[in-house]
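So you can see what is in the structure, the chains are spelled out below.
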Amino acid sequence: MSTDGQLQRRLDFMGIDAQAKAALAAAKPAIDKALPGAMKAFYGQLSNFPETKQFFADSGQMDRASARQVSHWGGIAAGQFDERYAKGTTTIGEVHARIGLEPRWYIGGYGLILDQLVRAVIEANWPKGFGVKAADREKTAAAVGAMVKAALLDMDLSISVYLEANERERVAAQEAEARTAAEQRMVVDGLAAALERLAEGDLRTRIDAGFTGEYARLKQNFNQAMERMEDAMSAVTSNAQSIHAGAGEITQAADDLSRRTEQQAATLEQTAAALDEITATVRRTTEGAQQADTAAQEAKGDAEESGDTVRRAVAAMSEIEASSKQISQIIGVIDEIAFQTNL
């Protein structure tokens, strides 16, 4: 609220001087007498309106507020416009700002209280009967005027504090909004930069800006997600390298198998050719054996008849011997082929 100098300037402007304070002091007995009834009527009216009743939890709280108001107005009637009074009006204005009591209800309440107090002052100072003296009228008017001025001063101070408190709240709200907007811009810019680096394929990107509040958790979650993604991609790369190496081994093995297959095909061709030779040799051997058998039979039957026949038999036997040697060689070739095939 106002400093002592500001309070004094208000008193000077409204003309609340020593004379006005004296007039209040003269009316104080009537004011003190009327205050309990005035406060009862005032708080009774407050309880009739939901807009004002909501500020009181129960009747006990309303009674305590009424007692404080009686004390406060007693100080006003005594003309005690000092530091204690200033602190009291500051407290009232701050409380009204905190609970959200709008000035219209506060001003209306003063109207109710002044109605009771003005009536009390007039009844106490206005002489009964006819023949009212000018001095009596002046005394009553001074008392009422001083009381109205004091009430309006009190209202001015409390409402000024109310407005100052609201202004502080408005400025604080604007500053908080500006801080929030700046923080949001920082968060958006930091996140956008990180996502841009991620879009370019940089899995090592992290948010380094100093996020606060709930945004700190966003930063933590993003960085953890990037760490896990980087680990996953490292594992994928490692697996791809392993697969590539395995594919190379498989290709080498396939090449080896192809070469071995070609070798085996060539061996089989050689075996087939050898078998063809064996078949031809066996056929010739069979034919020679048949001829030898015929010759032997002829030689047995007629060995003595022809020396030429014996020589043919001997020759046939020589051919059989030669065929047997060839068969032995062929069998050796087959064994070698079988050995290579097993390999």
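These numbers were taken from a predicted model, which means no experiment stands behind them.

Re the pattern of salt bridges
Under the definition given, this model contains 4 salt bridges. Between arginine 104 and glutamate 102 there is a salt bridge, with its nearest N and O atoms 2.6 Å apart. What makes glutamate 102 partly exposed here is its relative accessible area of 36%. A salt bridge links aspartate 115 to arginine 119; the shortest N-O distance between them is 3.2 Å. Of this pair, aspartate 115 and arginine 119 both sit in helix 6 (residues 103-125), separated by 4 residues, roughly a single helical turn.

Focus on the packing of aromatic side chains
The full count for this structure, using the stated rule, is 5 aromatic pairs. Note on phenylalanine 49 and tryptophan 105: the rings are 6.5 Å apart at their centroids and 50° apart in plane angle, and the pair reads as tilted. Placement of phenylalanine 49 in the loop between helix 2 (18-46) and helix 3 (50-53) and of tryptophan 105 in helix 6 is noted, with a sequence separation of 56 residues between them. For phenylalanine 49, a relative accessible area of 35% translates into the label partly exposed. When its relative accessible area of 24% is taken as the criterion, tryptophan 105 is described as partly exposed.

Looking at the nonpolar core
With 44 residues, the main nonpolar core has Ile31, Tyr43, Trp73, Phe81 and Leu117 as its most contacted residues. Mapped by element, the contributors of at least two residues to this core are helix 1 (4-14), helix 2, helix 4 (59-77), helix 5 (83-99), helix 6 and helix 7 (134-199). It is helix 2 that provides the largest number of residues to this core, a total of 12 residues. With 6 residues, the next largest nonpolar core counts Ala194, Ile207, Phe222 and Met226 among its residues.

Focus: the environment of phenylalanine 56
For phenylalanine 56, the location among the structural elements is in the loop between helix 3 and helix 4. Along the backbone, phenylalanine 56 and leucine 46 are 10 residues apart, and their C-alpha atoms lie at a distance of 9.5 Å.

Re the packing of helix 2 against helix 4
Any two packed helices are characterised by how steeply their axes cross, that is the angle between the axes, and by the distance between the axes. As a packed pair, helix 2 and helix 4 sit with axes 9 Å apart at the nearest point and diverge in direction by 160°. By the criterion of interaxial angle, the relationship of helix 2 to helix 4 is roughly antiparallel. Taken as a pair, helix 2 and helix 4 cross one another with a handedness that is right-handed. Contacts from Leu24, Ala25, Lys28, Ile31, Asp32, Leu35, Met39 and Tyr43 in helix 2 reach Met62, Ala65, Ser66, Gln69, Val70, Trp73, Gly74, Ile76 and Ala77 in helix 4.

Details of helix 2
For helix 2, spanning 29 residues, the distance from its first C-alpha to its last is only 35 Å, which falls clearly below the expected 42 Å at 1.5 Å a residue. At lysine 28, helix 2 shows its maximal kink, close to 50°; a proline, proline 29, follows between one and four residues later. The opening residue of helix 2 is aspartate 17, an N-cap whose side-chain oxygen sits 3.3 Å from the backbone nitrogen of glutamine 19.

Observations regarding the side chain of threonine 205
Inspection of the secondary structure assignment puts threonine 205 in the loop between helix 7 and helix 8 (214-302). Overall, the relative accessible area of 2% leaves threonine 205 in the buried class. Of note is the side chain of threonine 205, whose polar atom sits 2.7 Å from the side chain of arginine 197. Residues contacting threonine 205, with those up to four places away along its chain left out, are Ala194, Arg197, Leu198 and Met226.

Thoughts on the packing of helix 2 against helix 6
At their nearest, the axes of helix 2 and helix 6 sit 8 Å apart, and the two run at 145° to each other. In this structure, helix 2 meets helix 6 at a crossing whose hand is right-handed. Taking contact as the criterion, the partners of Ala27, Ala30, Ile31, Ala34, Leu35, Ala38, Met39, Ala41, Phe42 and Gln45 in helix 2 are, on helix 6, Gly109, Leu112, Ile113, Gln116, Leu117, Ala120, Val121 and Ala124. Across the contact of helix 2 with helix 6, the residue classes break down as 15 nonpolar, 3 polar and no charged.

So, the layout of surface pockets
The space that makes up the largest pocket amounts to roughly 830 Å³. Looking at the largest pocket, it is lined by 31 residues, and the ones nearest its centre are Ala65, Arg68, Gln69, His72 and Ile92. Only helix 2, helix 4, helix 5 and helix 6 provide two or more residues apiece to the lining of the largest pocket. If one sorts the elements of the lining of the largest pocket by residue count, helix 4 sits on top with 9 residues. When grouped by side-chain class, the residues that make up the lining of the largest pocket number 17 nonpolar, 11 polar and 3 charged.

Overview of helix 5
With 17 residues, helix 5 should reach 24 Å at 1.5 Å per residue; the first-to-last C-alpha distance of 24 Å fits that figure. Three or more residues of helix 5 are buried, namely Tyr85, Ala86, Thr89, Thr90, Ile92, Gly93, His96 and Ala97. Burial along helix 5 is one-sided: seen end-on, the buried residues are contained in an arc of 160°. Facing away from the buried side of helix 5, by more than 90 degrees, are the exposed residues Arg84, Lys87 and Arg98. Structurally, the start of helix 5 carries an N-cap: the backbone nitrogen of arginine 84 is 3.4 Å from a side-chain oxygen of aspartate 82. Residue glycine 100 follows helix 5 closely and has a positive phi angle near 85°.

Points about the confidence of the model for the chain
A residue-level look at the chain finds 86% of positions with pLDDT of 70 or above and a mean pLDDT of 78. Here helix 9 (residues 307-342) stands out as the least confident element of the chain, with mean pLDDT 70; helix 2 is the most confident, with 88.

What counts, and at which threshold
Residues numbered from 1 in each chain as written. Predicted model: local features only at pLDDT ≥ 70, side-chain atom pairs only at ≥ 80, totals over all residues. Heavy atoms only, no water. Salt bridge = Lys/Arg side-chain N within 4 Å of Asp/Glu carboxyl O. Buried < 20%, exposed > 50% of the residue type's maximum accessible area, 1.4 Å probe, protein only. Helix = DSSP H or I, 4+ residues; strand = E, 2+ residues; numbered from the N terminus. Phe/Tyr/Trp six-rings, centres within 6.5 Å; stacked < 30°, edge-to-face > 60°. Core = buried A, V, L, I, M, F, W, Y, C linked by side-chain atoms within 4.5 Å. Axes fitted to C-alpha atoms, helices over the stretch in contact; angles between N-to-C directions. Parallel < 35°, antiparallel > 145°, perpendicular 65-115°, else oblique. Left-handed = near helix turned anticlockwise from the far one by under 90°. Contact = heavy atoms within 4.5 Å. Expected span 1.5 Å × (residues − 1). Bend = angle between axes of the 7 residues up to and from the residue. Polar contact = N/O pair within 3.5 Å; in protein donor to acceptor, adjacent residues only side chain to side chain. Nonpolar A, V, L, I, M, F, W, Y, C, P; charged D, E, K, R; others polar. 1 Å grid on protein atoms, 1.4 Å probe; cavity = no way out; pocket = protein on both sides within 12 Å on 5 of 7 lines; lining within 4 Å. Points joined across faces, edges and corners; volume = space filled by probe spheres on them. Arc of directions from axis to C-beta. pLDDT = per-residue confidence, 0-100.

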